[in-house]
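Read off the chains here:
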Amino acid sequence: MARVLLENVGKIYPGNVRAVEDFNLEIEDAEFVVMVGPSGCGKSTTLRMVAGLEEITEGTIQIGDRVINDVPPKDRDIAMVFQNYALYPHMTVYDNMAFGLKLRKFKKSEIEKRVRDAAEILGIPELLQRRPKALSGGQRQRVAVGRAIVRKPAVFLFDEPLSNLDAKMRVQMRTEISRLHTRLETTMLYVTHDQVEAMTMGDRIVVMKDGLIQQVAAPTDLYDNPANAFVAGFIGTPPMNFFDVTITKENGTLTLKEDTFELTVPPAWKELLEPYTDKGVTFGLRPEDVGSLTAEGIEGAPKITADIEVVEPMGAETYLYMNTGKNDFIARVDSHRLCHVGEKLDLAVTLSKAHVFDKETTKLIV
C-alpha cells in the first residue's frame, strides 16, 4: 500500500503532440481513484506513465516517498491489469498467475499459497488447470486480476479492464473489483471511458479532457456541483440537458428567457447572474429534474412546455426526448405516465437543482 503523488506531470509525443498537461493529483494510501474522460483525453497515457510504460516529459511521480521517474516498471511495486487481459495462451491459469512470482524467485510453497489465496478471493479455484482459450471473457478478466493480486503490490493500475465484456458481466465485475478493493485495502488507480463505472467504483473521480484535468471530486460532488459544462454533460445518465437562454431584467426581476419559456431567477442566484443581464448563458438541467406537471400535480411550479419526439420506456422510468423548438432535451418521468409522440407537455422544473454556465468559458456560474 502506498500514496501516489503526481506533480506537474506532462507528456509530449514527437511532433510536439501534447497528450497530458500539468497533471496534479495526490492519491491517498488505500484510496480508489478513477480517471474518466472521452477517448484521447490522456487518461491511459497518464496511467502508463505511472506504470513506467511511457516516459514522463515533465514533472515528477512518487509512489510512497520515492520518485519513480527513472525507475524501471518491474521495480515500481505496481501491478497492472490490461484491457486485453494479456494472458499467455500456452500456460494454465495457475502458471499465468504464478509467472511473475517465478521470475522473482519466490519459493514454490509461497507461490502455491499466493495463487490459491487469489483464486479463492476471485472464485476461480476450479479453473487453475485450464488454459485461457477454455475461459469466458469474465473468467479471463478474473485471471488477469488474480495475476496482479498475487504480486501484493503497493499500487494496482487498471486500464479499461471491463471494456471487452458484455453489459451484464461488466456490472458483475465492477462490483467484484470494488469488493476486492475493500478486502485488500490497496491503493488503486482505474482508467475508464464509462462514467457509470467511474460513479459506482471510485472514492474520487478525475475527469479529463484534452490532456487536462477538469475536476477531481467524489462522485456525488461531481454530479451535484460540476465545475463546468463539460463535467456536467459527461457525468450522469442520461446526460444533463443544456438550454441556450438569455438573462433579461425587468422591474428588478431577472429571468432566464428562451423562445418558448421563461424562468424567474431565484433570489439566491440574483447577485451572481446580474452581471450577465442581456447576455446569453447556458442553462443546465438534469433529466430527473424535469417532471410532468400532469403526473405530479405540481401547480404554480416553473415550467417548460415542449413536444414529445421519442418515448423510451426503461421499465422503472420512461425517458422522453423533447423539443422546445430551439432546444432538444430529455425528461425522466414515471413509467406509469402514458405519453405519446407528438403530445405537448408542461414540465415542472426543479430550479433548486439547476445550473447556469458561462457560455464562453463554460465554467459554472451558479
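Criteria and thresholds
- Residues numbered from 1 in each chain as written.
- Predicted model: local features only at pLDDT ≥ 70, side-chain atom pairs only at ≥ 80, totals over all residues.
- Heavy atoms only, no water.
- Helix = DSSP H or I, 4+ residues; strand = E, 2+ residues; numbered from the N terminus.
- Expected span 1.5 Å × (residues − 1).
- Buried < 20%, exposed > 50% of the residue type's maximum accessible area, 1.4 Å probe, protein only.
- Arc of directions from axis to C-beta.
- Contact = heavy atoms within 4.5 Å.
- Pairing = 2+ DSSP bridges.
- Axes fitted to C-alpha atoms, helices over the stretch in contact; angles between N-to-C directions.

Enquirer: What's the story with helix α5 (residues 167-184) in this structure? I'm lost.
Expert: Count 3.6 residues to each turn of an α-helix, and residues three or four apart come out pointing the same way. Relative to the 26 Å expected for 18 residues at 1.5 Å per residue, α5 spans 26 Å between its end C-alpha atoms, a close match to the ideal helical length. Of all the positions in α5, only M169, M173, R174, E176, I177, L180 and H181 are classed as buried. Along α5, the residues classed as buried sweep out an arc of 165° about the axis, all on the same side. Facing away from the buried side of α5 by more than 90 degrees, the exposed set consists of K168, R179, T182 and R183. Taken together, the buried residues of α5 touch β3 (32-36), α3 (108-122), α4 (137-149), β7 (155-159), β8 (187-192) and α6 (195-201). Of the residues one or two after α5, E185 is the one with positive phi, at around 55°.

Enquirer: Would you mind going over unusual backbone geometry with me for this structure?
Expert: Across the chain, the bulk of peptide bonds are trans and the bulk of non-glycine residues have phi less than zero. Residues T237 and P238 are joined by a peptide bond in cis, for which omega reads -10°. Examined against the element boundaries, P238 turns out to sit in the loop between α8 (229-234) and β11 (241-250). The phi dihedral of N16 falls on the positive side, at around 60°, and the residue is not glycine. For N16, a relative accessible area of 64% corresponds to the exposed category. Positive phi, close to 65°, is recorded for K105, a residue that is not glycine. Take K105: it is sitting in the loop between α2 (93-103) and α3. Note on K105: relative accessible area 72%, which makes it exposed.

Enquirer: What is the right way to look at the sheet that holds strand β5 (residues 66-67) in this model?
Expert: Strand pairing in a sheet relies on backbone hydrogen bonds, with the paired strands running either antiparallel or parallel. Spatially, four strands are ordered β2-β1-β4-β5 in an open sheet, and the strand pairing comes out antiparallel. In the strand order of this sheet, the two ends are held by β2 (17-27) and β5, each with one partner. Looking at chain direction, strand β1 (residues 4-13) and strand β4 (residues 58-63) are connected through five bridges and run antiparallel. Note that in β4 the partner of L5 across the bridge is Q62. Helix-sheet contacts for helix α1 (residues 43-51) involve β1, β2 and β4, and the interaxial angle to β1 is about 115°.

Enquirer: Sorry if this is basic, but what is going on with the sheet that holds β11 here?
Expert: The strand order across the open sheet built from five strands is β13-β12-β11-β14-β20, with neighbouring strands paired in antiparallel fashion. Pairing within the sheet leaves two strands with one partner each, and these edge strands are β13 (262-264) and β20 (355-358). On average, each strand axis in the sheet is tilted by 40° relative to the strand beside it, whichever way the strands run. Where strand β12 (residues 253-257) lies against β13, three bridges are found, and the strand directions are antiparallel. Residue pairing for β13: K257 is matched across the bridge by E262.

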